[in-house]
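# Structural description and commentary
So the chains spell out like this:
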There are 2 protein chains.
Amino acid sequence: METVSKALSHGGVQGVYRHDAETTACPMTFAVFVPPQAKDGPVPVLWYLSGLTCTHANVMDKGEYRQAAARHGVIVVAPDTSPRGEGIPDEAGNWQFGSGAGFYLDATEAPYSANYRMWSYVTEELPALIAKNFPADMSRQGIVGHSMGGHGALTIALTYPDRFKSCSAFAPIAQPSTAGWSKPAFEKYLGADTAAWRAHDATALIEDGHRFPELLVDQGTADSFLDDGLRPWLLEEACKKAGIALTLNMREGYDHSYFFISSFMDDHIAWAAARLK
Amino acid sequence: METVSKALSHGGVQGVYRHDAETTACPMTFAVFVPPQAKDGPVPVLWYLSGLTCTHANVMDKGEYRQAAARHGVIVVAPDTSPRGEGIPDEAGNWQFGSGAGFYLDATEAPYSANYRMWSYVTEELPALIAKNFPADMSRQGIVGHSMGGHGALTIALTYPDRFKSCSAFAPIAQPSTAGWSKPAFEKYLGADTAAWRAHDATALIEDGHRFPELLVDQGTADSFLDDGLRPWLLEEACKKAGIALTLNMREGYDHSYFFISSFMDDHIAWAAARLK
């Protein structure tokens, strides 16, 4: 693991790191904020999964999470959203597939299956690296994400409910297997058999019996992806049927951007911190 | 004035606007955050002047000012740092002169004097535009800046002490007329006669009798520009001799980046708000 940059911020250290990842068979870059409390021993870890087109840097620059993370004493890890680089199969110009659009799943279809393994990367390889190199208490992990990363946070928490003590999302893709901007990617990554897609669809996972005790979702009403891509009411319906306590905050006039995310970041850090204590 | 973008954030509106500026003879872009309190009537205005290489966007994306500005009810205006575009004289590859490096002065030397008039732009044209188009109480203005923008904030406040009720800076260039990274720009913008430079140098202005009641400066000790470019001790010495109350916070381990600025942004917004009440 190589340190790309490190800067003191809000009393903690915001770092950017790079390593040669086995799962994605390419170098991967990620950001880690370590709060000041880590000087006194391991602290909880909050995973932040980003949306389409993002790298580790978007939330690091615009997410405004450090003040609250420093206050609550939480490490924040922000992975990239896909493998990248020369030799990685991609569709130039398609922002909903390939680079920046890994959808937090392991592709099974050629030629994507060799690199697009973001599920294994985010749930196995990167956690092991974090546990080894940072003052992280891996028995206390939370997960949060935005849009495609909200989908990632929900599906990962529903799959590993014992590993995560908190899960929340900003404007998550509630049902990616049927949404126009994610369905073509699912087909190319996972093949035409939609049965395999259900493991990477929050509402399908809930229908199939997966559970997580409580979920927090914030969603802007002026989000241009609300009706076609995000559809939080599908998650609401699934949670209602399954008895999952979902707090869904519809935020009047907010859009899909980091201007929205940063406005409610404190709430999500506090939500996680309360469950990671 | 044209609206480039608008987004709800922290209960207020973060907008980006563009207009054809007379002073700089080119289109200029700027960012304005209007806090929720403006619904009930005009609110104070805090000017944020950015550093070398920045546009309006850097602090808008990374400055983390909206939460505090919304709490205190302050408009934040972030201008660009220079004229830009085709036909504007520039030195490609020189980040310390030309585009992104207007130094908040009116150039008197050809070919720069036609466009590089950031002093007039920031102290006259843009304030008039803000007064006309936003719910701004122009009788309550504060100014803050970073690096080259800290220089701008200090020199403008020292020149117009009656207009501004607060002035603070992050890592300001304390004495640009003698610093290696600003002296060549002063020569090209203002000519070889250094007497004319004193109006754009905070320590020289103070030596020449200009006063401002109180100043707040935060400076990182790990800032790579500290010894050669910034030298806050020159400002400290000038303030001491002149009886200006300077609060100089040397921040252990902090660098020159927005990771530093955002860490202390709340303090600077609170400093301004207390004086703008």
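Residues numbered from 1 in each chain as written. Chains lettered and ligands numbered in written order. Predicted model: local features only at pLDDT ≥ 70, side-chain atom pairs only at ≥ 80, totals over all residues. Heavy atoms only, no water.

Another aspect to go through is empty space enclosed by the protein. Counted under the stated rule, the structure contains 1 cavity of 30 Å³ or more. Residue assignment for the lining of the largest cavity shows that the elements contributing at least two residues are helix 9 (258-276) of chain A together with helix 9 (258-276) of chain B. Of the residues that constitute the lining of the largest cavity, the class distribution is no nonpolar, 5 polar and 4 charged. (1 Å grid on protein atoms, 1.4 Å probe; cavity = no way out; pocket = protein on both sides within 12 Å on 5 of 7 lines; lining within 4 Å. Points joined across faces, edges and corners; volume = space filled by probe spheres on them. Helix = DSSP H or I, 4+ residues; strand = E, 2+ residues; numbered from the N terminus. Nonpolar A, V, L, I, M, F, W, Y, C, P; charged D, E, K, R; others polar.)

Attention shifts here to the nonpolar core. Ranked by size, the top nonpolar core spans 96 residues in total, and within it Phe103(B) and Tyr189(B) carry the most contacts. The leading source of residues in this core is helix 9 of chain B, at 9 residues. Excluding residues within four positions of it along the chain, Phe103(B) makes contact with Leu52(B), Thr81(B), Gln96(B), Met148(B), His151(B), Ile173(B), Trp181(B), Ser182(B), Ala185(B), Phe186(B) and Tyr189(B). Among the nonpolar cores identified, the runner-up in size contains 95 residues, and Cys26(A), Leu46(A), Ala107(A) and Phe186(A) belong to it. (Core = buried A, V, L, I, M, F, W, Y, C linked by side-chain atoms within 4.5 Å. Buried < 20%, exposed > 50% of the residue type's maximum accessible area, 1.4 Å probe, protein only. Contact = heavy atoms within 4.5 Å.)

Residue and element names in this part refer to chain A. Spatial ordering of the open sheet is given by 1-2-3-5-4-6-7-8-9, a layout of 9 strands whose pairing is mixed. Where the open sheet ends on each side, the last strands, each with one partner, are strand 1 (2-9) and strand 9 (245-251). For this sheet, the mean angle separating the axes of adjacent strands, direction not counted, is 20 degrees. Running over the sheet, helix 4 (residues 148-159) touches strand 4 (43-49), strand 6 (136-146), strand 7 (164-170) and strand 8 (214-220) and is turned about 140 degrees from strand 6. Contacting strand 4, strand 5 (75-78), strand 6, strand 7, strand 8 and strand 9, helix 9 runs over the sheet at an angle of about 165 degrees to strand 7. (Pairing = 2+ DSSP bridges. Axes fitted to C-alpha atoms, helices over the stretch in contact; angles between N-to-C directions.)

Right, let's talk about the side chain of His146(A) for a bit. Among the structural elements, His146(A) can be located in strand 6. Apart from residues no more than four positions distant in its own chain, His146(A) is found in contact with Tyr48(A), Leu49(A), Ser50(A), Gly51(A), Phe170(A), Ala171(A), His256(A) and Ile261(A).

Turning our attention to the interface of chain B and chain A. Between chain B and chain A, the residue contacts involve 21 residues of the former and 21 residues of the latter. Together chain B and chain A conceal approximately 1900 Å² of surface at their shared face, both sides included; 48% is due to carbon and sulfur atoms. Contact with chain A buries surface across chain B, with Leu8(B), Glu64(B) and Phe259(B) losing the most and accounting together for 36% of the total. At the surface where chain B touches chain A, the tally comes to 2 salt bridges. Among the salt bridges present, the one from Arg66(B) reaches Glu64(A), with a minimum N-O distance of 3.4 Å. The tally of links from chain B across to chain A stands at 16 residue pairs in polar contact (both at pLDDT 80 or more). When residues of the side of chain B that touches chain A are assigned to their parent elements, the largest contribution, 5 residues, is made by helix 9 of chain B. Looking at the side of chain B that touches chain A residue by residue, the class counts come to 6 nonpolar, 8 polar and 7 charged. (Buried area = accessible area lost by both parts, 1.4 Å probe. Salt bridge = Lys/Arg side-chain N within 4 Å of Asp/Glu carboxyl O. Polar contact = N/O pair within 3.5 Å; in protein donor to acceptor, adjacent residues only side chain to side chain.)

Looking now at helix 5 (residues 183-190) of chain A. All names here are of chain A. Of all the positions in helix 5, only Ala185, Phe186, Tyr189 and Leu190 are classed as buried. Along helix 5, the residues classed as buried sweep out an arc of 100 degrees about the axis, all on the same side. In this fold, the buried residues of helix 5 make contact with helix 4. Following helix 5 by one or two positions, Gly191 adopts a phi angle in the positive range, close to 90 degrees. (Arc of directions from axis to C-beta.)

Least-squares fitting of chain B to chain A yields an RMSD of 0.0 Å, with the transformation described by 0.0 Å of translation along the axis and a rotation of 180 degrees. Such a combination of rotation and displacement between the chain copies is what one expects of a two-fold axis. Taking C-alpha positions as reference, the residue of chain B nearest the rotation axis is Lys62(B), located at 2.8 Å. Of the residues that chain B buries at the interface, 100% are likewise interface residues in chain A, meaning the two copies contact each other through the same surface. (Least-squares fit on C-alpha atoms with pLDDT ≥ 70 in both.)

Now for the pairing of strand 1 of chain A. All names here are of chain A. As defined by bridge partners, strand 1 adjoins strand 2 (residues 12-21) across 7 bridges and the pair is classed as antiparallel. Bridge pairing in strand 2 links Thr3 to Tyr17. Joining the antiparallel neighbours strand 1 and strand 2 is a turn of 2 residues, in which His10 adopts a positive phi near 50 degrees.

Turning our eyes to something else, we now look at the side chain of Thr155(A). All names here are of chain A. In this fold, Thr155 is placed in helix 4. Only 2.9 Å separates the side chain of Thr155 from the backbone oxygen of His151, close enough to count as a polar contact. In contact with Thr155, other than residues within four places in its own chain, are Trp119, Ala199, His200, Asp201, Ala202 and Leu205.

Take the pattern of salt bridges next. Residue and element names in this part refer to chain A. Inspection of the entire model under this criterion finds 24 salt bridges over all chains. Arg140 is the salt-bridge partner of Asp137, the closest N and O atoms lying 2.7 Å from each other. Taking the relative accessible area as the measure of exposure, Asp137 reaches 18% and is therefore buried. Three or more residues are tied together by salt bridges with common partners; here these are Arg198, Glu207 and Asp208.

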